[in-house]
Amino acid sequence: MSETKNNNRSIIAIITMMFLYAMIAFVTNLAAPIGVVWKNQPEIGGSNLLGMMGNFMNFLAYLFMGIPAGKMLMKVGYKNTALTGIAVGFFGVLVQYLSGMAHGLTGFYIYLLGAFISGFAVCMLNTVVNPMLNLLGGGGNRGNQLNLIGGTLNSLAGTLTPMLVGALIGNVVSVDMVKNRIEIVADGVKRVATEADLTQMASVNLVLFIAMAVFAAAFLVLTLIPIKNPEIGKTTAETKFEHSPLSFRHCMLGVIAIFVYVGVEVGIPGTLNFYIADTTKGAGTMFANAAAVGGFVAGTYWLLMLVGRFCAGFIAGRISSRAMMLTATSIGMLLIVAAIFIPKENTVSMPLFTGSGIAITAVPVSAMLLVLCGLFTSVMWASIFNLATEGLGKYTAQASGIFMMMVVGGGVLPLLQNFIADKAGYMISYFVPLAGMAYMFYYALIGCRNVNKDIPVD
């Protein structure tokens with residue numbers, strides 16, 4: 001009877017951690033589509049740079065919390081770290097919700113604070129979810145299986161989030177539309193847009209309520225379930241580190257590659273969402289519900305990342321990480337170059353959610369090419385990690401902590417990209433991820449070679 005009870009508790013704990021795995025992507029991927037709302041407020045004036053600030057704040061938290069999260073795990077254990085992350089996540093989403101009740105820049109600053117707090121939570125959960133699922137599964141193949149299932153749910157949540165937010169926003173009413181007295185259809189009546197019609201945070205309250213409900217339920221369930229921590233931290237106290245992981249040239253260049261990769265991975269769909277949703281300077285004039293279409297296009301990118309990771313799982317045992325990186329970055333560069341130079345008037349049909357249902361819709365060819373990049377960015381994190389930690393031995397754990405800090409690239413590079421988008425146009429801004437792809441190609445070709453084999457790693 002007691003064994004059955006313990007099994008039931010383990011199943012509940014596993015399901016809870018699966019939901020948290022999904023919430024990591026859900027909360028992270030809220031930033032770019034919600035940025036569509038904020039960039040179109042009168043005080044922001046349509047700035048893509050400021051619209052991407054929520055995403056920047058979310059990823060900036062990794063720089064401060066990457067290593068402390070690992071130390072917290074060692075000090076207070078898996079369960080307490082997870083509970084802390086859940087509580088912080090609930091509070092971060094609550095602050096984002098409250099930002100919609102304020103006006104102007106005050107509300108924007110409150111939103112940025114909420115995004116930063118949410119970033120702390122996501123960093124803590126990222127640190128604990130993988131090992132905790134492995135623990136609940138008893139390690140070995142079962143633990144790995146649970147992590148793979150969790151990773152699939154993570155990718156699925158990342159796919160659905162921009163789609164859901166886009167559907168809730170529908171068509172964007174921007175400050176430029178109000179200034180230029182553009183006509184809109186509201187409640188079936190065609191009239192000139194006013195400030196009262198501007199897209200507001202209240203439009204996305206539903207997703208914030210969902211996030212808070214999941215965090216609250218997960219906290220309650222995890223509090224009631226006893227989880228025994230494994231023995232952690234023993235070997236760390238006994239191990240002497242004469243060098244830093246950055247003493248290895250291939251690791252140092254790999255740390256830069258991780259920074260660049262996350263920026264490329266996030267910047268491509270995030271800026272694409274802005275481009276499709278923009279009804280003045282982007283491709284939004286092509287659609288009746290531009291934000292809905294933009295969210296679906298961005299979501300398709302994340303869906304292709306899920307497909308790419310699933311397919312890569314079958315071939316990774318036969319193809320080296322280096323060969324995979326060289327192929328993925330080469331094709332990625334070709335897709336981005338083509339997207340930059342093909343005029344937006346050139347269109348191709350894609351099945352998209354248009355606000356009223358799924359329909360075959362004409363979108364710029366450049367958008368489709370950028371969406372296809374998701375297939376190839378999907379394999380890059382694992383490949384870079386493998387190449388950068390090859391031959392590190394006892395320094396591998398320290399390197400992992402540094403990699404977690406470098407996730408901040410997902411905030412920095414998209415911010416730079418959207419600064420360029422404001423100044424020179426959306427497609428020109430894609431030279432930023434193109435340069436990132438070029439660096440990762442260099443890393444796979446030359447930079448990943450371990451030239452410091454004389455450093456002892458035992």
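Going by the structure above, here's the rest.
Every chain's residues receive numbers from 1 upward, in the order its sequence appears when written. pLDDT decides what is reported in this predicted model: residues at 70 or higher carry local features, side-chain atom pairs at 80 or more are listed and counted, and totals for whole chains, interfaces and linings draw on all residues regardless. As a rule here, side-chain values come from all non-hydrogen atoms in the structure, and water together with hydrogens is ignored.

All right, on to the overall build of the chain then. Going along the chain from the N terminus, every DSSP run of H or I of four or more residues is numbered as a helix, and every run of E of two or more is numbered as a strand. Regarding its fold elements, the chain presents 17 helices and four strands. In the chain, which comprises 458 residues, the share counted as buried stands at 55%. For the chain, the share of sequence-separated contacts (at least 6 apart) that also reach a separation of at least 24 residues comes to 81%. Note on areas: these come from Shrake-Rupley sampling with a 1.4 Å probe, and a residue is covered only by the protein chains present in the view. For the chain, the exposed surface amounts to about 19,300 Å²; the carbon and sulfur share of it is 66%. Throughout this description, buried means an accessible area under 20% of the type-specific maximum (1.4 Å probe, protein chains only), exposed means over 50%, and partly exposed covers the range between. In this description, contact between two residues means that some pair of their heavy atoms is separated by no more than 4.5 Å.

A separate point is the packing of aromatic side chains. Side-chain rings of Phe, Tyr and Trp, where Trp is taken by its six-membered ring, are said to pair if the distance between their centres is within 6.5 Å; with planes under 30 degrees apart they count as stacked, over 60 as edge-to-face, and otherwise as tilted. Applying the stated criterion across every chain, the model contains 13 aromatic pairs. For the pair Trp 38 and Tyr 111, a centre-to-centre distance of 5.7 Å together with 25° between the ring planes defines the contact as stacked. With a gap of 73 residues between them, Trp 38 in helix 2 (residues 31-39) and Tyr 111 in helix 5 (residues 104-136) connect regions that are remote in the sequence. Exposure remark for Trp 38: the relative accessible area of 6% places this residue in the buried category. Plain terms: the ring middles of Tyr 301 and Trp 302 are 5.3 Å apart, the flat faces sit at 90° to each other, and that makes the pair edge-to-face. Take Tyr 301: its relative accessible area is 0%, and that puts it in the buried class.

Where helix 10 (residues 249-277) contacts helix 14 (residues 380-389), the two axes come as close as 9 Å, and the packing angle between them is 170°. On the basis of the axis angle, helix 10 is roughly antiparallel to helix 14. Contact with helix 10, carried on its side by His 250, Cys 251, Gly 254, Ala 257, Ile 258, Tyr 261 and Val 262, involves Met 380, Trp 381, Ile 384, Leu 387 and Ala 388 of helix 14 and no other residues of that element. Amino acids outside the nonpolar list (Ala, Val, Leu, Ile, Met, Phe, Trp, Tyr, Cys, Pro) and the charged list (Asp, Glu, Lys, Arg) are all regarded as polar, and Gly is one of them. Taken together, the residues that form the contact of helix 10 with helix 14 break down as ten nonpolar, two polar and no charged. Fitted lines through C-alpha atoms give the axes, limited to the stretch in contact for helices. The angle between two N-to-C directions lies from 0 to 180 degrees. By the definition adopted for this analysis, an angle is roughly parallel if under 35 degrees, roughly antiparallel if over 145, roughly perpendicular if from 65 to 115, and oblique otherwise.

Quick look at the pattern of salt bridges now. Think of a salt bridge as a Lys or Arg side-chain nitrogen and an Asp or Glu carboxyl oxygen that are within 4 Å of each other. All told, the structure shown has one salt bridge when counted by the stated rule. A salt bridge links Arg 309 to Glu 265, with the shortest nitrogen-to-oxygen separation between them at 3.6 Å. Of this pair, Arg 309 sits in helix 11 (residues 290-315) while Glu 265 sits in helix 10, placing them 44 residues apart in sequence. With a relative accessible area of 11%, Glu 265 lands in the buried category.

Turning next to helix 8 (residues 205-224). Expected span of a helix, by definition, is 1.5 Å for each gap between consecutive residues, and there is one gap fewer than residues. Compared with the 28 Å implied by 1.5 Å per residue over 20 residues, the 29 Å span of helix 8 between its first and last C-alpha is a close match. All of the buried residues in helix 8 are Asn 205, Val 207, Leu 208, Ala 211, Met 212, Val 214, Phe 215, Ala 218 and Leu 222.

On to the environment of Gln 200, then. Looking at the secondary structure, you find Gln 200 in the loop between strand 2 (189-192) and helix 8. In this structure the C-alpha to C-alpha distance between Gln 200 and Val 36, which are 164 residues apart in sequence, comes to 9.7 Å.

On to the side chain of Asn 29. The topology assignment puts Asn 29 in the loop between helix 1 (2-28) and helix 2. When sequence neighbours within four positions are dropped, the list of residues in contact with Asn 29 reads Gly 158, Thr 161, Pro 162 and Trp 302.

Before going further, it helps to examine the packing of helix 10 against helix 15 (residues 396-405). In the contact formed by helix 10 and helix 15, the axes pass within 9 Å of each other and the chain directions differ by 30°. In this view, helix 10 runs roughly parallel relative to helix 15, as classed from their interaxial angle. The crossing of helix 10 and helix 15 is right-handed. Note on element contacts: helix 15 touches helix 10 through Ala 399, Ile 402 and Phe 403, opposite Cys 251, Gly 254, Val 255 and Ile 258. For a crossing to be left-handed, the near helix must be turned anticlockwise from the far one by less than a right angle; the clockwise case is right-handed.

Mapped onto the elements, Pro 162 comes out in helix 6 (residues 140-169). Along the backbone, Pro 162 and Pro 269 are 107 residues apart, and their C-alpha atoms lie at a distance of 9.7 Å. Those residues in contact with Pro 162 that sit more than four places away from it in its chain are Asn 29, Pro 33, Asn 273, Gly 295, Ala 298, Gly 299 and Trp 302.

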